[in-house]
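# Structural overview
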Amino acid sequence: MAKHLYGDYSTPEKFLESFMAGLEKRNPGELEFHQAVKEVAESVVPYMFNHKKYFDALILERMTEPDRTITFRVCWEDDLGNVHVNRGYRVQFNNAIGPYKGGLRFDPSVNLSILKFLGFEQQFKNSLTTLPMGAGKGGSDFNPKGKSDREIMRFCQAYMTELSKHIGENLDVPAGDIGVGAREISYMFGQYKRLNDNFVGVLTGKGISFGGSLIRTEATGYGVVYFTENMLNHIGDSVKGKRCVISGSGNVALYAAKKIIELGGQVLAMSDSGGYIYDEAGIDNQKLEYLIDLKTTRRGRIEEYCAEYDAKFVANKRPWAVPCDLAFPCATQNELSFDDATDLVNNGVMLVAEGANMPSTIEAVHHFKANNILFAPAKAANAGGVAISGLEMTQNSMRISWTSEEVDQKLQDIMRSIHAQCVKHGQNGKNIDYLKGANIAGFIKVADAMLAYGVI
Ligand code: NAP
């Protein structure tokens, strides 16, 4: 048997413990990365003990070490001529099953630990989509809030000037994430094109007139709700008539709300980093259109909703104490703690679907499991966005564009296929452990490709 990097491998429990201790020592202070690896290792280590080929080839050790990590200086000028310096990153995690693929995040909280957790998770998510995409993640500690359009443009151009040396349509194809939407992608795509004189699909989430895919904007939020509908259908139920609470009011949250309303669910609460709104009568289509305009075009605060409609605003709190049947954390990592999970369970939640990446702490996830709450992990539930990014790459290569109906149908098919993979690998007595199912199904495809390449 091969010698493992991380100590004791006599039983799955001992191996998990020493594996995590070794990983933490090797990646000091990277708490989010440790958390993401632990969540996967808890399912994958017992599986590897029954499938020794992965164990002997040290596949988990290899999958927790990025192919490469690039950091660089991003220097730009604000409207007053002041010079600013930010740090840019791209973590190219794994290209075993396709070009590196994953979003860019612009937020002051961005650091290597957060990008490594996101890149690590992306391996499993992209594998689940059934499309040929490897995994990467990048971004900067730049804060886009309060900046003018010109400042955003100058920052994006400066960031892309360095990033362009490391990406390519068959090498690494970034997309958006927190703080990076259609405006930022457009500025970055324009700069890439200017520097390389090459019109290729090197970014996804582009404008429709220059190679973007229809439904890409909606895909992550819609996908989360399609996945939820699949889970409920599996037990003879549906979203129709369910009381729903959503955190966030960004790209994922707004389109999750839209699809919930379309399927007959009732959206009671949404939030931003300032607090949450609770609309007892439910957010209908017209109110949601107001919110979409407020948050995406006018870049306003969710609190302003209460000046238009009869709703309560609760400052500096997340919405998890609002009683609901379905909860959709769609804002950011670790936004749902053990105490929040306890509130949700005590108030009768039946299903939690993660729209954001790793929004629930490990303790919250364990609490849901202990109480038999249906739990859709991010890597399965929010894979719709990257799946449609994959389809944008396909359309760009083929130089065609599919209609909204065609893309939406493919999105539904992909979410159904991810659900089926989770069911296949997550069977746990009468219940489905979707976290285990997603981790194992995502792992097998990447691990098999890595085994096939030999020791590289
Ligand atoms: P976004 O459009 O920038 O929206 C983020 C939302 O979350 C905003 O409402 C924001 O509030 C809120 N938020 C951010 N940080 C917060 C904090 N610390 N506390 C409370 N609220 C906070 O981003 P997004 O694209 O929707 O992404 C949301 C999550 O989904 C992220 O975890 C992302 O990685 C994940 N995701 C996104 C996609 C995609 O296609 N966009 C795909 C897969 C996964 P403010 O407006 O006040 O900042």
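Residues numbered from 1 in each chain as written. Predicted model: local features only at pLDDT ≥ 70, side-chain atom pairs only at ≥ 80, totals over all residues. Heavy atoms only, no water.

### Digging into the site of the ligand
- Surveying the vicinity of the ligand reveals 25 residues, the closest of which are D177, T220, S273, R301 and N357.
- R216 is positioned such that a nitrogen or oxygen atom in its side chain is 3.1 Å from an oxygen atom of the ligand.
- Within the backbone of G250, one N or O atom sits 3.5 Å away from an oxygen atom of the ligand.
- Protein coverage of the free-state accessible area of the ligand, which is 890 Å², stands at 83%.
- Per-class residue counts for the shell around the ligand are five nonpolar, 12 polar and eight charged.
- Looking at which domains feed residues into the shell around the ligand, each of domain 2 (68-208) and domain 3 (217-376) supplies at least three. (Near = heavy atom within 4 Å. Polar contact = N/O pair within 3.5 Å; in protein donor to acceptor, adjacent residues only side chain to side chain. Areas by Shrake-Rupley, 256 points an atom, 1.4 Å probe, with all protein chains shown as cover. Nonpolar A, V, L, I, M, F, W, Y, C, P; charged D, E, K, R; others polar. Domains from an automatic or database assignment.)

### With respect to the packing of helix α8 (residues 216-234) against helix α16 (residues 404-426)
- The N-to-C vectors of α8 and α16 enclose an angle of 50°; their axes lie 9 Å apart at closest approach. Judged by the inter-axis angle, α8 sits oblique to α16. Like other packed secondary-structure pairs, α8 and α16 cross with a definite hand, here right-handed. Contacts between α8 and α16 involve A219, Y222, G223, Y226, F227, N230, M231 and H234 from the first element and D408, L411, Q412, M415, R416, I418, H419, C422 and V423 from the second.
- For the contact of α8 with α16, the class distribution of residues is 10 nonpolar, five polar and two charged. (Axes fitted to C-alpha atoms, helices over the stretch in contact; angles between N-to-C directions. Helix = DSSP H or I, 4+ residues; strand = E, 2+ residues; numbered from the N terminus. Parallel < 35°, antiparallel > 145°, perpendicular 65-115°, else oblique. Left-handed = near helix turned anticlockwise from the far one by under 90°. Contact = heavy atoms within 4.5 Å.)

### Some remarks on the sheet that holds strand β4 (residues 135-140)
- Strand order in the open sheet formed by five strands is β1-β2-β4-β3-β5, with mixed pairing between adjacent strands. Each having just a single partner strand, β1 (68-77) and β5 (172-175) make up the two edges of the open sheet. Going across the sheet, the axis of each strand differs from the next one's by a mean of 20°, ignoring polarity.
- Relative to the sheet, helix α6 (residues 149-163) contacts β1, β2 (83-94), β3 (100-106), β4 and β5, its axis offset from that of β1 by approximately 145°. (Pairing = 2+ DSSP bridges.)

### Topic: the sheet that holds strand β9 (residues 312-315)
- Taken together, the seven strands give an open sheet; going across it, the order is β9-β8-β7-β6-β10-β11-β12, and neighbouring strands pair in mixed fashion. Where the open sheet ends on each side, the last strands, each with one partner, are β9 and β12 (374-376). On average, each strand axis in the sheet is tilted by 15° relative to the strand beside it, whichever way the strands run.
- Bridge analysis of strand β7 (residues 266-272) against strand β8 (residues 275-278) gives four bridges, and the strand direction is antiparallel. Bridged to M270 within β8 is I277.

### Focus on the domain arrangement of the protein
- Taken domain by domain, the protein comprises domain 1 (1-65 + 433-448), domain 2 (68-208) and domain 3 (217-376).
- Distance from the C-alpha centre of domain 1 to the C-alpha centre of domain 3: 31 Å.
- Contact residues are listed per partner, giving nine residues for domain 1 and 13 residues for domain 3.
- Each partner contributes to the roughly 920 Å² buried at the junction of domain 1 and domain 3, and carbon and sulfur atoms together form 62% of this total.
- Three residues, Q35, E39 and Y434, lead the burial of domain 1 against domain 3; their summed loss comes to 60% of the area buried on that side.
- Connecting domain 1 to domain 3 are one salt bridge.
- The partner of K369 in a salt bridge is D433, with the nearest N and O atoms 3.1 Å apart.
- The interface formed by domain 1 and domain 3 contains three residue pairs in polar contact (both at pLDDT 80 or more).
- Elements represented by at least two residues in the side of domain 1 that touches domain 3 include exactly α2 (31-50) and α17 (434-452). (Buried area = accessible area lost by both parts, 1.4 Å probe. Salt bridge = Lys/Arg side-chain N within 4 Å of Asp/Glu carboxyl O.)

### Thoughts on the packing of aromatic side chains
- Following the criterion strictly, the structure yields 28 aromatic pairs and no others.
- Ring geometry for F49 and F55: centres 4.8 Å apart, planes at 55°, overall tilted. Neither residue differs from the other here; F49 and F55 are each classed as buried.
- Measuring from centroid to centroid gives 5.6 Å for Y290 and Y309, while their planes differ by 80°, and the two rings are edge-to-face. Of this pair, Y290 sits in helix α10 (residues 285-297) while Y309 is found in the loop between α11 (305-308) and β9, placing the two residues 19 residues apart along the sequence. Across the pair, exposure class does not vary: Y290 and Y309 are buried alike.
- Members of the aromatic cluster, each reached through a chain of ring pairs, are F72, W76, F106, F142, F155 and Y159.
- Lying over the aromatic face of Y222, K259 brings its terminal NZ or CZ to 4.3 Å of the ring centre.
- Over the ring of W402 we find K410; its NZ or CZ atom is 4.5 Å from the centre of that ring. (Phe/Tyr/Trp six-rings, centres within 6.5 Å; stacked < 30°, edge-to-face > 60°. Buried < 20%, exposed > 50% of the residue type's maximum accessible area, 1.4 Å probe, protein only. Lys NZ or Arg CZ within 6 Å of the ring centre and 35° of its normal.)

### Here's the deal with the nonpolar core
- Judged by nonpolar contacts, the single largest core of 62 residues is most densely connected at F227, I246, M270, L288, L291, F328 and I418.
- Beyond its immediate stretch of four places on either side in the chain, I246 contacts A253, A256, A257, I260, V267, A269, M270, S271, P319, F328 and C330.
- Membership of the second largest hydrophobic core comes to 42 residues, among which are F19, I59, M63 and F120. (Core = buried A, V, L, I, M, F, W, Y, C linked by side-chain atoms within 4.5 Å.)

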